[in-house]
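Here is how the chains run, residue by residue.
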Amino acid sequence: MFTDIVKNLLNKALEERQDLFLIDFKMSNDNAIKIIIDGDKGVTVEDCIYISRAIEHNIDREEYDFSLDVMSAGAAAPFKLPRQFAKHEGRTLEVKTENGKFEGKLTSVSDDGITLERKAREPKPVGKGKVTVQKKENIAFKDVLEAKVIIKF
C-alpha cells in the first residue's frame, strides 16, 4: 500500500515535468526509497529536489517512516531507455550487441535505433598497408545489450 502511494506521487510529479523520466525505482522492506531519474536536457539538483518534495511533502511522517533518495542516472551509467540516447547526439558511445562491441560518434537517433560513425583501419584494396575508412553502424534499440557514454578528458 505504501509503495502504491509513493508510485502515484512520483507519477504525478513526472506528469507535471514531462522533460523528466524514471530510470529506476526501488523500495526496501524498511521503506528506504531510491529513485533514479533522467531528463531530456539532463538533470539538475533542482530537478531532484522537485521530485523529492513532490513525494515527501505529500506523505504523513506520523503515519509512515521512510527515507528517500532521488538522484540522476550519472554520466557513466549505462542507458536503460531509448529516450536517453537523444541528448547524447554528437558524443562518443560504446554500444554492446550480440554481434560485438562498437565505439563511435552518435550521429543520429530515430524511433527504431541509432547510427554510430567510426573510423576503421582496413587493408588497401590494392597493394600493401592499410587505409582509414569511415564506417556507419545502424543499430536497432532491440539489439542493444548495453550502451554508455565514453567520457574523455
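Computed from a prediction, not measured in an experiment: that's the story for all the values here. (Residues numbered from 1 in each chain as written. Predicted model: local features only at pLDDT ≥ 70, side-chain atom pairs only at ≥ 80, totals over all residues. Heavy atoms only, no water.)

1. Overview of the environment of Leu10
Considering the arrangement of structural elements, one finds Leu10 in helix H1 (residues 2–16). Its relative accessible area of 1% is what places Leu10 among the buried residues. A C-alpha to C-alpha distance of 8.7 Å links Leu10 and Ser52, two positions 42 residues apart in sequence. For Leu10, the contacting residues outside a window of four places in its chain are Leu22, Phe25, Ile35, Ile51 and Ile55. (Helix = DSSP H or I, 4+ residues; strand = E, 2+ residues; numbered from the N terminus. Buried < 20%, exposed > 50% of the residue type's maximum accessible area, 1.4 Å probe, protein only. Contact = heavy atoms within 4.5 Å.)

2. Comments concerning the sheet that holds strand S2 (residues 32–39)
Strand pairing in a sheet relies on backbone hydrogen bonds. The paired strands run either parallel or antiparallel. Reading across from one edge, S1-S2-S3 is the order of the three strands in this open sheet, with mixed pairing throughout. The sheet terminates laterally at strand S1 (20–27) and strand S3 (67–72), the two strands that pair on one side only. Going across the sheet, the axis of each strand differs from the next one's by a mean of 20°, ignoring polarity. Direction of pairing for S1 relative to S2: antiparallel, over a ladder of seven bridges. Bridge pairing in S2 links Lys26 to Lys34. (Pairing = 2+ DSSP bridges. Axes fitted to C-alpha atoms, helices over the stretch in contact; angles between N-to-C directions.)

3. Quick notes on the pattern of salt bridges
Taken as a whole and assessed by the stated rule, the structure comprises 11 salt bridges. In this structure, Asp19 engages Arg17 in a salt bridge whose closest nitrogen and oxygen atoms are separated by 2.9 Å. For Arg17, a relative accessible area of 21% corresponds to the partly exposed category. Note that Arg118 is salt-bridged to Glu137, the shortest N-O span being 2.8 Å. With Arg118 in strand S6 (residues 113–123) and Glu137 in strand S7 (residues 130–140), the pair connects residues that are 19 residues apart, well separated along the chain. Here the residues in one salt-bridge network are Arg17, Asp19 and Asp47, joined through shared partners. (Salt bridge = Lys/Arg side-chain N within 4 Å of Asp/Glu carboxyl O.)

4. Focus on the sheet that holds strand S8 (residues 146–149)
If you trace the five strands from one edge of the open sheet to the other, you get S7-S6-S5-S4-S8, paired in antiparallel fashion. In this open sheet, the two strands that pair with only one neighbour each are S7 and S8. Averaged over all adjacent pairs, the angle separating strand axes in this sheet is 35°, with direction ignored. In this structure, strand S4 (residues 92–97) lies alongside S8, joined through four bridges in antiparallel fashion. Bridge pairing links Lys96 to Glu146 in S8.

All we've got here are geometric facts, nothing functional implied.
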